[in-house]
Amino acid sequence: MKRIYGWFLVLAVGALVVGCGKETTIENAPLSEKGDTQLNVGKIPDDFPSDVPVYKNIRSAKAITGGVRLLHLQSGDSKSQIVEFYKKELAAAQWQLTVENRSEGVEILAAKQQRNLTVSIVDKGATGRVIDISY
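Because the structure is a prediction, the values reported are computed rather than measured. (Residues numbered from 1 in each chain as written. Predicted model: local features only at pLDDT ≥ 70, side-chain atom pairs only at ≥ 80, totals over all residues. Heavy atoms only, no water.)

A.B. asks: Which parts of the structure should I look at to understand the overall build of the protein?
C.D. replies: Along its length, the protein carries two helices and eight strands. In sequence order, the secondary structure elements of the protein are arranged as α-β-β-β-β-α-β-β-β-β. In the protein, which comprises 135 residues, the share counted as buried stands at 39%. In the protein, of all internal contacts separated by at least 6 residues, the share reaching a separation of at least 24 is 44%. (Helix = DSSP H or I, 4+ residues; strand = E, 2+ residues; numbered from the N terminus. Buried < 20%, exposed > 50% of the residue type's maximum accessible area, 1.4 Å probe, protein only. Contact = heavy atoms within 4.5 Å.)

Here it is as C-alpha cells:
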C-alpha cells in the first residue's frame, strides 16, 4: 500500500510541475477529460478536513482534488520545525500517528475513525521544504 502512495505522490507532483510551466492560468482547471479532478493553485480546498492542520508559514499552496486528494505546500522553515508542528497538532486532534524517517524525508502516517492521512516532509535544499498531505 505504501508503494502505491509513493507512486501516486510521484505522479501528482509531476502533474504539478508540468502544469507550472504553462503560461495560461491553470487555476481550477480540470486535469482529466471527465473534469472530476481539479488543480487549485494558491488556495486550500474548501472541503479540506477541519481536523487536519495546515502549516502556517508557507510560500505556496497547490491542491489536487477529485478522486485523489493532495495538498502540496512549500515552506522555508526547517524540516524539524515542520515535523514537530504536525506531530503536536495531529496528536492534539486525536489522530493516531506513526512517524517514519526515510532517506528522502519524514513521513507521518495518521489514522482516525476509518480515515487515513499521510504527511510527507521533504528537504529541497535552498528552495526550502515541501509538505505533501494526501487525505
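Once you've had a look at it, read on.
A.B. asks: Looking at this structure, I do not really get the pairing of strand 4 (residues 70-75). What am I missing?
C.D. replies: Remember that side chains alternate between the two faces of the sheet whenever the strand is regular. Of all six residues that make up strand 4, five are buried, and the element is covered over most of its length. Pairing geometry for strand 3 (residues 60-65) and strand 4, over five bridges, is antiparallel. The partner of A63 across the bridge, within strand 4, is L71. Where strand 3 folds back on strand 4, the antiparallel hairpin that results is connected by four residues, among which G66 adopts a positive phi of roughly 135°. One ladder, built from six bridges, connects strand 4 with strand 8 (residues 129-134); its direction is antiparallel. Residue pairing across strands places L71 opposite I133, the latter belonging to strand 8. (Pairing = 2+ DSSP bridges.)

A.B. asks: For this particular structure, what's the right way to read the packing of aromatic side chains?
C.D. replies: What characterises a pair of aromatic rings is the spacing of the ring centres plus the angle enclosed by the ring planes. With the rule as written, the count across this model stands at three aromatic pairs. Ring geometry for F48 and Y135: centres 4.9 Å apart, planes at 75°, overall edge-to-face. Taken together, the residues span a long stretch of sequence, with F48 in the loop between strand 2 (38-41) and strand 3 and Y135 in the segment after strand 8 at a distance of 87 residues. We classify F48 as buried; its relative accessible area is 10%. Aromatic side chains Y55 and F85 sit 5.1 Å apart centroid to centroid with 85° between the ring planes, which places their arrangement in the edge-to-face category. Here F85 lies in helix 2 (residues 79-92) and Y55 lies in the loop between strand 2 and strand 3, a separation of 30 residues in the sequence. You can call Y55 buried: its relative accessible area is 8%. Aromatic rings pair up to connect Y55, F85 and Y86 into one cluster. (Phe/Tyr/Trp six-rings, centres within 6.5 Å; stacked < 30°, edge-to-face > 60°.)

A.B. asks: How do you make sense of helix 2 when you look at a structure like this?
C.D. replies: For an α-helix, the turn length of 3.6 residues means that residues three or four places apart are oriented alike. The end-to-end C-alpha distance of helix 2 is 20 Å, a good match for the 20 Å that 14 residues give at a rise of 1.5 Å each. Residues of helix 2 that are buried: I82, V83, F85, Y86 and L90. Down the axis of helix 2, the smallest arc covering the buried residues is 160°, so these residues share one side. The exposed residues of helix 2 that point more than 90 degrees off its buried face are S80, K88 and A92. On its buried face, helix 2 is in contact with strand 4, strand 5 (96-102), strand 6 (105-112), strand 7 (115-123) and strand 8. (Expected span 1.5 Å × (residues − 1). Arc of directions from axis to C-beta.)

A.B. asks: I keep staring at the nonpolar core and nothing clicks. Help me out?
C.D. replies: One recurring pattern in soluble globular proteins is that nonpolar side chains are buried together. Formed by 23 residues in total, the largest nonpolar core has its most connected members in L73, Y86, L117, V119, I131 and I133. In terms of residue count, helix 2 provides more of this core than any other element does, five residues in total. Residues within four places of I131 in sequence aside, it is in contact with Y55, L71, H72, L73, S75, I82, Y86, V119, S120 and I121. (Core = buried A, V, L, I, M, F, W, Y, C linked by side-chain atoms within 4.5 Å.)

A.B. asks: Explanation requested: the confidence of the model for the protein in the structure shown.
C.D. replies: A low pLDDT means the predicted coordinates there should not be read in detail. Residues at a pLDDT of 70 or more form 74% of the protein, whose mean pLDDT is 81. In the model, residues 1-34 has pLDDT below 50 throughout and makes 37 contacts with residues more than four positions away in sequence or in other chains. (pLDDT = per-residue confidence, 0-100.)

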